[in-house]
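Next come the chains, spelled out residue by residue.
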Amino acid sequence: MSSGLDKNDIANKISKINKLTELESFRVQYVGKKGILTSEMKSLSTLSNAEKKEKGQYLNSIKIFLETELKKKKNFIENLEVNEKLKKEKIDITLPPRNYETGKIHPISQTIYNVIDIFGSMGFSVESGPDIESDFNNFTALNIPSHHPAREMQDTFYVENSSGDEEKVLRTHTSPVQVRHMLNSKPPIRIIVPGRTYRSDSDATHTPMFHQVEGLLIDNNSNMAHLKGCLIDFLKEFFNIDDLQYRFRPSYFPFTEPSAEMDVAYTKKDGVLKIGKGNEWLEILGCGMVNPRVLENCNIDSQKFQGFAFGMGIERLSMLKFGITDMRGFFDSDFRWLNHYGFNPLDSTSSSGI
Ligand code: DAH
């Protein structure tokens, strides 16, 4: 028939195409706005009815043919391209792995993660507070009034204060977060507070900045037995020792009454400390029933509520658990030290996922 619209010719041309872009220009050439087939279709209107019918049918069959062939070819080219891509992307599993450096988790962070994991499973949530604290939160509210000798238990860094505002200090313990939390929420309370603390002290066993974790539980009836159970469970889990030997010794803290310190037994062999059993005792934490005066200072009715608190040093926990003997290593930022004592971030025991 006229106008070069012949199925064989079309099939022949399509068979020579092997790129999607070429296929698209071919399609446009035939069925685009000004395409060959489109113009033929348009010109049908100028024909007589009889011619229109005959040519119309013919053009329609060409159109269907063209569409089917284009579709087939499109599929074919696409498959070809995918296969080609797959071939190129083949992975050579015989290649040696590339060397890359991974960081290590610092033992202090690791210890904090462990502590959070354990207290978290007992229903404690994690709170935090600022490093620069008001004198009220750090001392007064905790029943340590100014000029009280208990202030000398801790060598405080005072923050220079020219404006005549209330005196600010670098917090000497994490206990002020107890105050912040009690002032801002209602019992029942069950929190732990890991964080940085500061004291003007520096030798082999003290650094001016160190870490503590505080615990506070307030409700209607928690007593000393709950406090003991909670801390015993924690230490057994933390050191992974079922028959851990421990003792509670009466002590004094202004913010708890009664107060105690908890010791764990250890042995020392060839300079290496072994926690769990033995004739020597190592102090590990301070604790007690929250002093009713502290509750009142924080607007909590001490006739209705009571509870316990505890505080411990993260560095000490970390040294005992991981066999670290010199505290200064924690803050020297020596990569060799960190490589040795640090933890692999991908190790499932390394992180609590927070
Ligand atoms: N804040 C105390 C300190 O830094 C530790 C402490 C002792 C915290 C007894 C407590 C506690 O919450 O009940 O020495």
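Quick summary incoming for the structure in this document.

What counts as what
- Residues numbered from 1 in each chain as written.
- Predicted model: local features only at pLDDT ≥ 70, side-chain atom pairs only at ≥ 80, totals over all residues.
- Heavy atoms only, no water.
- Helix = DSSP H or I, 4+ residues; strand = E, 2+ residues; numbered from the N terminus.
- Rg over C-alpha atoms; globule rule 2.2 N^0.38 Å.
- Buried < 20%, exposed > 50% of the residue type's maximum accessible area, 1.4 Å probe, protein only.
- Contact = heavy atoms within 4.5 Å.
- Areas by Shrake-Rupley, 256 points an atom, 1.4 Å probe, with all protein chains shown as cover.
- Lys, Arg positive; Asp, Glu negative; His and termini not counted.
- Charge placed at Lys NZ, Arg CZ, Asp CG, Glu CD.
- Pairing = 2+ DSSP bridges.
- Near = heavy atom within 4 Å.
- Polar contact = N/O pair within 3.5 Å; in protein donor to acceptor, adjacent residues only side chain to side chain.
- Phe/Tyr/Trp six-rings, centres within 6.5 Å; stacked < 30°, edge-to-face > 60°.
- Lys NZ or Arg CZ within 6 Å of the ring centre and 35° of its normal.
- Salt bridge = Lys/Arg side-chain N within 4 Å of Asp/Glu carboxyl O.

## Concerning the overall build of the protein chain
Now for step 1: When helices and strands are tallied, the protein chain shows 11 helices and 11 strands.
Now for step 2: The C-alpha atoms of the protein chain give a radius of gyration of 39 Å, which is well past the 20 Å a tight globule of 354 residues would have.
Now for step 3: The C-alpha extent of the protein chain, read off along each of the three principal axes, is 115 × 55 × 45 Å.
Now for step 4: Taking all 354 residues of the protein chain together, 40% fall into the buried category.
Now for step 5: Taking all contacts inside the protein chain whose residues are at least 6 apart in sequence as the whole, residues at least 24 apart take part in 66%.
Now for step 6: On the protein chain, roughly 21000 Å² of surface is accessible, and the fraction owed to carbon and sulfur atoms is 51%.
Now for step 7: The centroid of the 44 positive side-chain charges in the protein chain is displaced by 13 Å from the centroid of its 47 negative side-chain charges.

## Describing the sheet that holds strand β4 (residues 168-170)
Now for step 1: Sheet architecture is open: three strands sit in the order β2-β4-β3, paired in antiparallel fashion. Both edges of this open sheet fall to β2 (132-134) and β3 (158-159), since each of them pairs with a single strand only.
Now for step 2: As judged from the three bridges shared by β2 and β4, these two strands associate in the antiparallel manner. Paired with Glu133 across the strands is Val169, a residue of β4.

## Some remarks on the site of the ligand
Now for step 1: Residues in contact with the ligand amount to 16 residues; listed here are only the nearest, His173, Ser175, Arg199, Gln212 and Glu214.
Now for step 2: Arg199 has a polar side-chain atom sitting 2.8 Å from an oxygen atom of the ligand.
Now for step 3: At a separation of 3.2 Å, an oxygen atom of the ligand approaches a polar backbone atom of Ala309.
Now for step 4: Compared with its free state, where it exposes 350 Å², the ligand has 91% of that area covered by protein.
Now for step 5: Elements supplying a minimum of two residues to the shell around the ligand: β6 (209-219), β10 (280-290) and β11 (306-313).

## Regarding the pairing of β10
Now for step 1: Along β10, eight of the 11 residues are buried, which leaves the element largely enclosed by surrounding structure.
Now for step 2: In terms of strand pairing, strand β8 (residues 256-269) meets β10 through nine bridges, oriented antiparallel. Within the sheet, the bridge partner assigned to Tyr266 lies in β10 and is Glu280.
Now for step 3: Inspection of the sheet shows β10 paired to β11 by five bridges, in the antiparallel sense. Its bridge partner being in β11, Gly286 is matched across the sheet by Gly311.

## Structural notes on the packing of aromatic side chains
Now for step 1: For the structure shown, the criterion picks out 13 aromatic pairs.
Now for step 2: Relative to Phe310, the ring of Phe124 has its centre 6.3 Å away and its plane inclined at 70°; by these criteria the two rings are edge-to-face. Highlighted residues: Phe124 in the loop between α5 (107-121) and β1 (125-126) and Phe310 in strand β11, separated in sequence by 186 residues.
Now for step 3: One aromatic cluster in this structure is built from Phe119, Phe124, Phe234, Phe238, Phe239 and Phe310.
Now for step 4: Of note, Arg190 hangs over the ring of Phe124, and the distance from its end group to the ring centre comes to 5.7 Å.
Now for step 5: Lying over the aromatic face of Phe238, Lys321 brings its terminal NZ or CZ to 4.4 Å of the ring centre.

## As for unusual backbone geometry
Note: most peptide bonds trans; most residues except glycine with negative phi.
Now for step 1: Cis geometry is adopted by the peptide bond preceding Pro188, which originates at Pro187 and carries an omega value of 5°.
Now for step 2: Looking at the secondary structure, you find Pro188 in the loop between α7 (176-184) and β5 (189-198).
Now for step 3: That bond from Glu257 to Pro258 is cis: its omega, -5°, falls within 30 degrees of zero.
Now for step 4: Turning to its location among the elements, Pro258 is positioned in strand β8.
Now for step 5: Unusually for a residue other than glycine, Asn143 sits at a positive phi of about 70°.
Now for step 6: Among the residues examined, Asn143 registers a relative accessible area of 15% and is labelled buried.

## Some details on the side chain of Thr197
Now for step 1: When you line up the elements, Thr197 lands in strand β5.
Now for step 2: Non-local contacts of Thr197, meaning those with residues more than four positions away in its chain, are made with Arg171, Thr172, His173, Thr174, Pro208, Met209, Phe210, His211 and Gln212.

## Structural notes on the pairing of β5
Now for step 1: With eight of its 10 residues buried, β5 lies for the most part within the structure.
Now for step 2: Where β1 meets β5, two bridges bridge the pair, whose relative direction is parallel. Residue pairing for β5: Val126 is matched across the bridge by Ile192.
Now for step 3: Here 10 bridges tie β5 to β6, and the two strands are oriented antiparallel to one another. Bridge pairing in β6 places Val193 opposite Glu214.

## Regarding the pattern of salt bridges
Now for step 1: Taken as a whole and judged by the stated rule, the model has 15 salt bridges.
Now for step 2: A salt bridge links Arg249 to Asp263; the shortest N-O distance between them is 2.8 Å. With Arg249 in strand β7 (residues 246-253) and Asp263 in strand β8, this pair connects stretches of sequence that are 14 residues apart.
Now for step 3: A single salt-bridge network, built from bridges that share partners, covers Arg247, Arg249, Glu261 and Asp263.

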